[in-house]
Amino acid sequence: MGSTHIRCMDIYDVRIPHMKVADNSLLAEFFHPLRIGKDMQCRYSIAHARVPVGVKTLPHRLTRSSEAYYILSGSGMMHIGDEHKEVGEGQLVFIPPGKTQWIENTGTTDLIFLAICDPLWREEDEIIGESPPIAPVSDDPFMEAAIQEAEKGREEGGIPIGSILVRDGIIIGRGHNRRVQNGDPMVHAEIDCLQNAGRIGSYYDCTLYSTLMPCFLCAGAVVQFQIPRVIVGESRTFPGAREFMEAHGVRVIDYDLERCRMMMETFIREKPELWNEDIGVL
């Protein structure tokens, strides 16, 4: 006896009104698994968006979701990060997670498009507007603690990079680069910090501080553990893996502190062979 395959077809009425949303567009969210009221194994959401003539949306970004715009009609200018391009009917635009984006209607009719989010859109994942002003280090005791860790490493004869893990305003992990001290190439500051924090379960409400922009090794740990925010002292001496982290939804803030930069520049000048070994330069 052959098996019977049952195909389930659900049809939904999507004739819902457009409403003005936080980014200044008119939006009708017509497919969202959490709002349909049925148990659906689906990770994306779809909205129908409209931007009137002469209007542009506010700069915004999604911390965890990628987004695709499919232009149904009209024309406009799409901005993603520092890039901008004209878009029109039939074109598809991909927006990586963490990238600031906005679209402006430069045509003579409404700009209409589908906005598809994967994973599905959540209000808490969207940040509207430009990044807030960055607090100076004097107002951030956690960066000061990271700098103290870096100074410990320098005093031990190691590489002066320090890291702190913070949850709910409390330091739960500290570390500094111990590659020289331990003879272990894997003990970067951020790795040392995470190891010292131990098993803490989810990292969704944690912030990782580092005196220097994390390399790909440490950025990989950030992405793997889904740490949502990384704050660094500087990235001029080493650009690190910022784009990699941001592409995976991590919010990266660079304080660009002269104190951190001078500490690294002095070390690199005095011990270039250790620095080159640390970043994998022969």
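Quick note: structure is the one above.
Residues numbered from 1 in each chain as written. Predicted model: local features only at pLDDT ≥ 70, side-chain atom pairs only at ≥ 80, totals over all residues. Heavy atoms only, no water.

*Asks:* Honestly, the packing of helix H2 (residues 141–155) against helix H7 (residues 258–270) in this entry has me stumped. Any pointers?
*Replies:* Working note: a packed helix pair is described by the angle between its axes plus the distance between those axes. Their axes nearest at 11 Å, the elements H2 and H7 cross at an angle of 15°. Classed by the angle they form, the pair H2 and H7 counts as roughly parallel. As for how H2 packs across H7, the hand of that crossing is left-handed. Residues Glu144, Ile147, Ala150, Glu151 and Arg154 of H2 form the contact with H7, whose own contacting residues are Arg259, Cys260 and Met263. Looking at side-chain class alone, the contact of H2 with H7 contains four nonpolar, no polar and four charged residues. (Axes fitted to C-alpha atoms, helices over the stretch in contact; angles between N-to-C directions. Helix = DSSP H or I, 4+ residues; strand = E, 2+ residues; numbered from the N terminus. Parallel < 35°, antiparallel > 145°, perpendicular 65-115°, else oblique. Left-handed = near helix turned anticlockwise from the far one by under 90°. Contact = heavy atoms within 4.5 Å. Nonpolar A, V, L, I, M, F, W, Y, C, P; charged D, E, K, R; others polar.)

*Asks:* It is not clear to me how the side chain of Thr237 should be interpreted in this structure. Could you clarify?
*Replies:* Its location among the elements puts Thr237 in the loop between strand S15 (229–232) and helix H6 (242–247). Residue classification places Thr237 among the buried residues on the basis of a relative accessible area of 19%. Those residues in contact with Thr237, other than ones at most four positions away along the chain, are Leu212, Arg261, Met264, Glu265, Ile268 and Trp275. (Buried < 20%, exposed > 50% of the residue type's maximum accessible area, 1.4 Å probe, protein only.)

*Asks:* Which parts of the structure should I look at to understand the environment of Gly198?
*Replies:* The topology assignment puts Gly198 in the loop between helix H4 (189–197) and strand S14 (206–210). With a relative accessible area of 29%, Gly198 lands in the partly exposed category. In this structure the C-alpha to C-alpha distance between Gly198 and Gly173, which are 25 residues apart in sequence, comes to 7.9 Å.

*Asks:* Explain the sheet that holds strand S13 (residues 170–176) here, please?
*Replies:* Across a sheet, strands are paired by hydrogen bonds formed along the backbone, either parallel or antiparallel in direction. Ordered in space as S13-S12-S14-S15-S16, the five strands form an open sheet in which the pairing is mixed. Edge positions in the sheet fall to S13 and strand S16 (251–254), since each has one partner strand and no second. Sheet twist, expressed as the average angle between the axes of neighbouring strands with direction ignored, equals 15°. Pairing between S14 and S15: four bridges, direction parallel. The residue of S15 that forms the bridge with Ser210 is Val232. H4 contacts strand S12 (162–167), S13 and S14 of the sheet and is inclined by roughly 135° relative to S13. (Pairing = 2+ DSSP bridges.)

*Asks:* Is there a simple way to think about unusual backbone geometry in this case?
*Replies:* The step from Asp118 to Pro119 runs through a cis peptide bond, and the omega angle for that step is 0°. Following the sequence through the fold, Pro119 ends up in the loop between strand S10 (111–118) and strand S11 (126–128). One non-glycine residue, Asn24, lies in the positive phi region at around 85°. With respect to the helices and strands, the residue Asn24 is situated in the loop between strand S1 (19–20) and strand S2 (26–31). Since its relative accessible area comes to 24%, Asn24 is described here as partly exposed. Look at Gln226: it is not a glycine, yet its phi comes out positive at around 55°. Topologically, Gln226 is positioned in the loop between helix H5 (216–224) and S15. When its relative accessible area of 51% is taken as the criterion, Gln226 is described as exposed.

*Asks:* For this particular structure, what's the right way to read a nonpolar patch on the surface?
*Replies:* On the surface, Tyr70, Leu72 and Leu92 cluster together into a nonpolar patch covering about 270 Å² of accessible area. Judged by its relative accessible area of 33%, Tyr70 falls in the partly exposed class. (Patch = residues over 30% accessible without salt bridge, like charges linked within 9 Å, V, L, I, M, F, W, Y side chains within 5 Å. Areas by Shrake-Rupley, 256 points an atom, 1.4 Å probe, with all protein chains shown as cover. Salt bridge = Lys/Arg side-chain N within 4 Å of Asp/Glu carboxyl O.)

*Asks:* Before we go on, may I ask you to explain the packing of aromatic side chains in this structure?
*Replies:* The geometry of an aromatic ring pair is captured by the separation of the ring centres together with the interplanar angle, meaning the angle of the planes. A complete count under the given rule lists six aromatic pairs for this structure. Ring centres of Phe31 and Tyr44 lie 5.5 Å apart, and the angle between their planes is 35°; this geometry places the pair in the tilted category. Separated by 13 residues along the polypeptide, Phe31 in strand S2 and Tyr44 in the loop between helix H1 (33–36) and strand S3 (45–51) bring together distant segments of the chain. Overall, the relative accessible area of 14% leaves Phe31 in the buried class. Taking 4.5 Å as the distance between ring centres and 35° as the angle between the ring planes, the aromatic pair formed by Tyr69 and Phe113 counts as tilted. Linking Tyr69 in strand S5 (residues 66–73) with Phe113 in strand S10, this pair joins segments that are 44 residues apart in sequence. Each member of the pair Tyr69 and Phe113 is classed as buried. (Phe/Tyr/Trp six-rings, centres within 6.5 Å; stacked < 30°, edge-to-face > 60°.)

*Asks:* When you look at H5 in this model, what are you seeing that I'm missing?
*Replies:* Turn by turn, an α-helix covers 3.6 residues, leaving residues three or four places apart pointing in a common direction. Among the residues of H5, those classed as buried are Cys218, Ala219, Ala221 and Val222. For H5, the angular spread of the buried residues around the axis is 155°, confining them to a single face. Of the exposed residues in H5, those oriented more than 90 degrees away from the buried face are Phe216 and Gln224. Those residues of H5 that are buried are in contact with H4, S14, S15 and H6. Backbone geometry just after H5 places Gln226 at a positive phi near 55°. (Arc of directions from axis to C-beta.)

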